[in-house]
Each structure stands twice: as C-alpha cells, then as structure tokens.
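A structural walkthrough
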Amino acid sequence: MLTTTKNSSPYREYYVLEALCKMGKYEEAIRCFQKSKELMDSADSDVRPYYQISKCYLSLGNYERAIEACKEGIEIFPKDSDFWEQLGLIYEKQGKYKDALKAYKKMKGLSTDYYSDMADVWEAMGEQEKAVQIMEEGIREVEDDKKAECYSQLGDLYNDRLEYGKAAQYYLKSATL
C-alpha cells in the first residue's frame, strides 16, 4: 500500500492512485484516495479523489458506498456535473430509473451530457418517444458545437427503433455540422 508522509503531495499521490484503479486494485486505491482527500485543505480541495472513490466502489459492485461517495462529493462540489452523472449511472445500473432521472436532472445547465443521459434512461425504461423528445430539446438548447452529438444520439435512438431512414438522416446531419 502507498504510504503518505508529512511531505506527501495529494496531487502526486493522486496519479499513483489512479494507476491502482486501472490495475484493478480498487480497495487499496480507496484507502489511498481517502488519505489523499485528508491531505487536501479546504482551500485546496479537489474533486478528483471524491469522484474516484465513487468509481472504485462502483467497480467493486458496492453501489451503496458508491452512492455515499457521490453524495459526499455533491455536498462539497454541488455544481460539478460529474457527480450527478455518476450518481445517475449508479442508479441506472441498479435499475432505479426514477432515481437516475432525478440525478440527471440536476445536470441540466451544468453539462450537455444531461440530454444523452436522460435519453438513455428513458430508452431503458421503454419510453423511446420521451428519449427522442429529450434529444430534440437538446438540439434546440445546446451550443452549436455540441449539436452534432445530439443529432448522433438521435440517430442511435431511431436505429434502435429500426427506423433506419430517420437514423441515417440524423447521422448525416451530425456528420455535416
């Protein structure tokens, strides 16, 4: 296990910890991320350890602890869309679609991923029309440089519905932006 000293840098250690995650050593990484988090003072607080702890728990299949870690991050970084997205993903993996929708709704105005995440949940719930509606809203609402992603996602939705003509139309629109 990585040991910290009084001269330890939470940022230097963060990259070592991230490598532990990539190696699948999640429990060790969690302990070390906790230590990295403790080394940061409140003025120098960083979102990454909080987020990575949640990702490690999710990788271990410990949804309850992953949710707790997300909620802790949200308390400290309420405007960081990554926590809301991670929380929604955890609920989605559990089949708790209404909770996923609530989490993803908190992303609106913080990230354009809001539209695709919401559409994914509606589609998983068998509500393809609502998924299409949210992506159409995204096309109207997002900045021009993000519209291609929305058109592509809309193409995916129509492709999943076996409406290949419409899918092709949206994929082409995505490709021309």
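Everything quoted here is computed from the prediction, not taken from an experiment.

Here helix α10 (residues 164-176) contains 13 residues, and its C-alpha end-to-end distance of 18 Å stays within 8% of the 18 Å for a straight helix at 1.5 Å per residue. Of all the residues in α10, the buried ones are Ala167, Tyr170 and Ser174. Looking straight down α10, one finds its buried side chains confined to an arc of 70°; they lie on one side. Relative to its buried face, α10 has exposed residues pointing more than 90 degrees away, namely Gly165, Leu172, Ala175 and Thr176.

Moving on: the nonpolar core. With 46 residues, the main nonpolar core has Phe33, Leu87, Met118, Ile134, Met135, Leu154 and Leu157 as its most contacted residues. Per-element accounting of this core gives the leading share, six residues, to helix α7 (residues 113-124). With residues up to four places along the chain from it excluded, the contact list for Met135 reads Tyr115, Ser116, Ala119, Cys150, Gln153, Leu154 and Leu157.

With 14 residues, helix α8 (residues 128-141) ought to run about 20 Å at 1.5 Å a step, and its terminal C-alpha atoms sit 20 Å apart, in line with that. Of all the positions in α8, only Ala131, Val132, Ile134, Met135, Glu137, Gly138 and Ile139 are classed as buried. Buried positions along α8 lie against α7 and α9 (144-160).

Time to look at the pattern of salt bridges. Throughout the structure, instances matching the rule amount to five salt bridges. With a shortest N-O distance of 3.9 Å, Glu163 and Lys166 are connected by a salt bridge. Sharing partners across several salt bridges, the network here consists of Glu129, Arg161, Glu163 and Lys166.

Before going further, it helps to spend a moment on the packing of aromatic side chains. Per the stated rule, a full pass over the model turns up five aromatic pairs. For the ring pair Tyr51 and Phe83, a centre distance of 6.0 Å and an interplane angle of 75° mean the geometry is edge-to-face. With Tyr51 in helix α3 (residues 47-59) and Phe83 in helix α5 (residues 81-93), the pair connects residues that are 32 residues apart, well separated along the chain. Where Phe77 meets Phe83, the ring centres are 6.2 Å apart and the plane angle is 15°; that geometry is what we call stacked. The rings of Tyr51, Phe77 and Phe83 are connected pair by pair, giving a single aromatic cluster.

Moving on, we come to a positive patch on the surface. On the surface, Lys98, Lys102, Lys105 and Lys130 cluster together into a positively charged patch. Sort the elements by how many residues they give to the positive patch and helix α6 (residues 97-105) lands first, with three residues. Along the polypeptide, Lys102 turns up in helix α6.

Our next topic: the side chain of Gln153. Along the chain, Gln153 turns up in helix α9. Owing to a relative accessible area of 15%, Gln153 belongs among the buried residues under this scheme. Within the structure, Gln153 has its side chain in polar contact with the side chain of Asp120 (distance 2.9 Å). When sequence neighbours within four positions are dropped, the list of residues in contact with Gln153 reads Ser116, Ala119, Asp120 and Met135.

With that settled, consider the confidence of the model for the protein chain. Mean pLDDT for the protein chain: 84, with 84% of residues reaching 70 or above. Counted against residues more than four places away or in other chains, residues 1-7, with its pLDDT under 50, gives 13 contacts.

On to unusual backbone geometry, then. Phi angles above zero are rare outside glycine, and Leu162 is one such case at about 65°. Note on placement: Leu162 falls in the loop between α9 and α10. The class of Leu162 is exposed, set by a relative accessible area of 59%.

Scoring rules and cut-offs
- Residues numbered from 1 in each chain as written.
- Predicted model: local features only at pLDDT ≥ 70, side-chain atom pairs only at ≥ 80, totals over all residues.
- Heavy atoms only, no water.
- Helix = DSSP H or I, 4+ residues; strand = E, 2+ residues; numbered from the N terminus.
- Expected span 1.5 Å × (residues − 1).
- Buried < 20%, exposed > 50% of the residue type's maximum accessible area, 1.4 Å probe, protein only.
- Arc of directions from axis to C-beta.
- Core = buried A, V, L, I, M, F, W, Y, C linked by side-chain atoms within 4.5 Å.
- Contact = heavy atoms within 4.5 Å.
- Salt bridge = Lys/Arg side-chain N within 4 Å of Asp/Glu carboxyl O.
- Phe/Tyr/Trp six-rings, centres within 6.5 Å; stacked < 30°, edge-to-face > 60°.
- Patch = residues over 30% accessible without salt bridge, like charges linked within 9 Å, V, L, I, M, F, W, Y side chains within 5 Å.
- Areas by Shrake-Rupley, 256 points an atom, 1.4 Å probe, with all protein chains shown as cover.
- Lys, Arg positive; Asp, Glu negative; His and termini not counted.
- Charge placed at Lys NZ, Arg CZ, Asp CG, Glu CD.
- Polar contact = N/O pair within 3.5 Å; in protein donor to acceptor, adjacent residues only side chain to side chain.
- pLDDT = per-residue confidence, 0-100.

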